[in-house]
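Residue-level structural notes
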Amino acid sequence: MSQFNAQTLGLQLEKVRDKVPLLYQQDHSLFDRIMKRDVEKVSSRNMRIPLKILAGGKARQVNPDGGGLGRGSGTTYDIAQATPVYLAFASEMSYLTEISTDSKEKAVENAAKAELENAMEGFRTFVEALLNTDGSGTLDSVATGTGTVVGSFQIIVNNANAFYDNQDIQIFSALGGTNRGKVTILSVDANNKALNLAAATPVPAGTVPGDLLIIDGAPGTAASSLFGIEYHHVDSNVGTWMQLQRSAYPGKLDTPHVGAAGSLITPVLVRMLIQKQRRALGAATGAKDSMLFHLGLDQEAAWENVGSVVSQVITNQVTGSSSQDMLKKNAPTTIAGRSTLVSIHAQPGRIDLLAPDHWFRAENRAMDYYDVDGQTIFPTYDTTGGIQTTNIFYLFTGMQICMDGPRFGAYMDGLMLPPGY
């Protein structure tokens, strides 16, 4: 009787590909730039940031033939204040995982070593998401289409890339409102703008579109987390900016702003935004600073569409046997001659004109491993008090993201998203 393949399976070697592709996003381009900027080492007390905020002096026409020169005044100074917020990123693995992958004979990759690298990348990506928020720890809001009954396991959002797989998030009715509960994201589906939840944490009852999705541990109040672009770039004379009352200095702590009112981005709107920023701080503003536009993929595509509309091809001047390719390999890398920084974490329908030279961080503890007397990996304990066969380590930082003043930037919001975005 013939020998069949099944009878020889015990002899056959199993082939495992020695490449491990990354199937989730890790993007922290803006945070990388800020990390290269100035850092101020601070204690747990508020850092004071002096500002020259109001001009002084009394100009007048005078009569030199015995007339008076009048009284004068002086420049007004005030201080903004910032204090670090503390962020942690915990990674945990079993002892069996470590010993089963600690050599090339056992695994194509050392899981313990890889996890150290993965954790740092994940932590930086988390901070990048916070840099696109309003300082409350709010990553996004619940959008229409979310199942809102007990047993539903999906939340629809505006930008799913603000989140990551296995993340815990809180759902609040509003800032300072009701905390409806915590859920765990099983996986992020960026193109469908969906957060698929773990089976143990369905959408809490009462959740409705407009509810806020806030990072785990944040209290859900204004200015209580890491300050992001939407915290610093605000066109308002009410509220506070880094503990300064905007109403005390109307027109000085607001950010130049263009509301697009649902229209597509155009060169006219972009020029208006630049001119408003120049008008706020002088016509030479930006000439000495490395200004750049920060935007998402939606507005990168919208800006490219502007150029596509005015493109033309004179067919009889095109050589070869193929039609002209109307699309270059990459989208434009500038807007109005200024570099673009494209981020999948950027808020859809918005672009920001940033001046990186005026951004810095107040740092109490650099981003690194949490340690106790030099120990960075800790055992966990079971219910009896005995050691479990799992180990845990933490990445930790204490910092705040600051800028010299809200007028060293500008933003445009309310932009239409191109179809499909």
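Residues numbered from 1 in each chain as written. Predicted model: local features only at pLDDT ≥ 70, side-chain atom pairs only at ≥ 80, totals over all residues. Heavy atoms only, no water.

**Describing the overall build of the protein**
Along the protein, the regular secondary structure elements total 6 helices and 21 strands. With the C-alpha coordinates of the protein rotated into their principal frame, the extents come out at 125 × 75 × 45 Å. Per-residue burial for the protein yields a buried fraction of 39% across its 421 residues. A separation threshold of at least 6 residues defines the contact pool for the protein, and within that pool the share at least 24 residues apart is 74%. With an accessible surface of roughly 23,200 Å², the protein has 52% of that area assigned to carbon and sulfur atoms. Placing the 34 positive and 41 negative side-chain charges of the protein at their respective mean positions leaves the two points 11 Å apart. (Helix = DSSP H or I, 4+ residues; strand = E, 2+ residues; numbered from the N terminus. Buried < 20%, exposed > 50% of the residue type's maximum accessible area, 1.4 Å probe, protein only. Contact = heavy atoms within 4.5 Å. Areas by Shrake-Rupley, 256 points an atom, 1.4 Å probe, with all protein chains shown as cover. Lys, Arg positive; Asp, Glu negative; His and termini not counted. Charge placed at Lys NZ, Arg CZ, Asp CG, Glu CD.)

**Regarding the packing of aromatic side chains**
By the definition in use, this model includes 9 aromatic pairs. Ring geometry for Phe123 against Phe126: centres 6.4 Å apart, planes inclined by 15°, an arrangement best described as stacked. Here Phe126 and Phe123 lie together in helix H3 (residues 111–130), a separation of 3 residues that amounts to about one turn. The residues Phe123 and Phe126 share a single accessibility class, namely buried. Measuring from centroid to centroid gives 5.9 Å for Tyr369 and Phe393, while their planes differ by 65°, and the two rings are edge-to-face. With Tyr369 in strand S18 (residues 359–369) and Phe393 in strand S20 (residues 387–403), the pair connects residues that are 24 residues apart, well separated along the chain. The exposure class of Tyr369 is partly exposed, given its relative accessible area of 24%. Chaining the aromatic ring pairs together yields one cluster made of Tyr86, Tyr370, Phe378, Tyr394 and Phe396. (Phe/Tyr/Trp six-rings, centres within 6.5 Å; stacked < 30°, edge-to-face > 60°.)

**Topic: empty space enclosed by the protein**
Counting across every chain of the model gives 5 cavities of 30 Å³ or more. Its boundaries defined by the atoms lining it, the largest cavity holds a volume of some 60 Å³. Forming the boundary of the largest cavity are Leu30, Arg33, Ile34, Arg37, Leu354, Pro356 and Trp359. Looking at the lining of the largest cavity, the element that brings in the most residues is helix H1 (residues 29–35), giving 3 residues. Its residues assigned to classes, the lining of the largest cavity comprises 5 nonpolar, no polar and 2 charged. (1 Å grid on protein atoms, 1.4 Å probe; cavity = no way out; pocket = protein on both sides within 12 Å on 5 of 7 lines; lining within 4 Å. Points joined across faces, edges and corners; volume = space filled by probe spheres on them. Nonpolar A, V, L, I, M, F, W, Y, C, P; charged D, E, K, R; others polar.)

**Re the layout of surface pockets**
Its boundaries defined by the atoms lining it, the largest pocket holds a volume of some 1,000 Å³. Every residue lining the largest pocket is counted, 37 residues in all, and those nearest its centre are Phe89, Tyr164, Asp165, Asn166 and Gln167. When contributions to the lining of the largest pocket are tallied by element, the ones reaching two or more residues are strand S4 (85–94) and H3. For the lining of the largest pocket, the element with the most residues is S4, which contributes 9 residues. Of the residues belonging to the lining of the largest pocket, the class tally is 19 nonpolar, 13 polar and 5 charged.

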